[in-house]
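Structural overview
Residue-level listing of the chains:
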Amino acid sequence: METLTTRGRAARLAATALGLAVLLAGTIWGTDDHFPFGPFRMYSTSNPPNAPAPDTRVEGVDSTGAVVDLGERATGIRRAEIEGQQDRYAADPELLTEVADAYAERHPGAAELVEVRIVIRWHGIRDGRPTGRWTDETVVAWRAGR
C-alpha cells in the first residue's frame, strides 16, 4: 500500500469539506428539489391531526359526456408529475392538452376528450383517523375550443 501524498490528502480534505458545506447549506436553506443536498421534507413532516388529506387525480370528459380516469395507465403520465407541475397547469390550463394528447395516443378508438381537469379529493380526518367524508375541488380545468 502506498502512502497518500500531502497534495492528495489536501485534495481529499478539500472535497470532504466542500461536500459537508453543501450538505449543511442544503439542510439550512434547501428544499426538496435540492435532494440529496437538501432536506427531503416529504417524509419528515406530517399534517395536523384534523386537517383534511388531499388525493389528487386527473379526469377528463369525452365527447359523449362520460367521465374518464386519466391516471398513469390511461395516459402514461404519473400522478407525481401532475402534482409537481400543478402550479404550471394552474397558470396555463392549455398545458393539459398534453394529457389529452397522451390519452388519445394510447386510446385511438376512444371518444375525443373535450375537457381535462385536475381534481383534489379532500378526505376528512378527525383525530388522525379518516371520517369517511370527502369533498372534491377542481383546481384546474381545460376545455376544448376555449
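Residues numbered from 1 in each chain as written. Predicted model: local features only at pLDDT ≥ 70, side-chain atom pairs only at ≥ 80, totals over all residues. Heavy atoms only, no water.

**Section: the nonpolar core**
Of all hydrophobic cores here, the largest spans 18 residues; its most connected members are Leu70, Leu96, Val99 and Val116. Of all the secondary structure elements, the ones that give two or more residues to this core are α5 (97-106), β3 (113-126) and β4 (129-143). No other element matches the four residues that α5 contributes to this core. (Core = buried A, V, L, I, M, F, W, Y, C linked by side-chain atoms within 4.5 Å. Buried < 20%, exposed > 50% of the residue type's maximum accessible area, 1.4 Å probe, protein only. Helix = DSSP H or I, 4+ residues; strand = E, 2+ residues; numbered from the N terminus.)

**So, the environment of Pro52**
Note on placement: Pro52 falls in the loop between α1 (6-29) and β1 (53-62). Discounting chain neighbours no more than four positions away, the residues touching Pro52 are Trp122, His123 and Ile125. (Contact = heavy atoms within 4.5 Å.)

**Digging into the pairing of β4**
As paired elements, β3 and β4 share eleven bridges and run antiparallel to each other. Bridge pairing in β4 links Ile125 to Pro130. Here β3 folds back onto β4 in antiparallel fashion, the turn holding two residues, of which Asp127 has a positive phi close to 55°. (Pairing = 2+ DSSP bridges.)

**So, the pairing of β1**
Bridge count between β1 and β3: ten bridges; the pairing is antiparallel. Bridge assignment links Val58 to a residue of β3, and that residue is Ile118. In this structure, β1 lies alongside strand β2 (residues 67-69), joined through three bridges in antiparallel fashion. The residue of β2 that forms the bridge with Glu59 is Asp69.

**A short note on the sheet that holds β3**
Reading across the sheet, the four strands line up as β2-β1-β3-β4 and stay open at both edges, with antiparallel pairing between neighbours. For this open sheet the edge positions go to β2 and β4, each flanked by a neighbour on one side alone. Pairs of neighbouring strands in the sheet enclose a mean axial angle of 35°, with direction left out of account. Contacts from α5 reach β1, β2, β3 and β4 within the one sheet, and its direction differs from that of β3 by about 105°. (Axes fitted to C-alpha atoms, helices over the stretch in contact; angles between N-to-C directions.)

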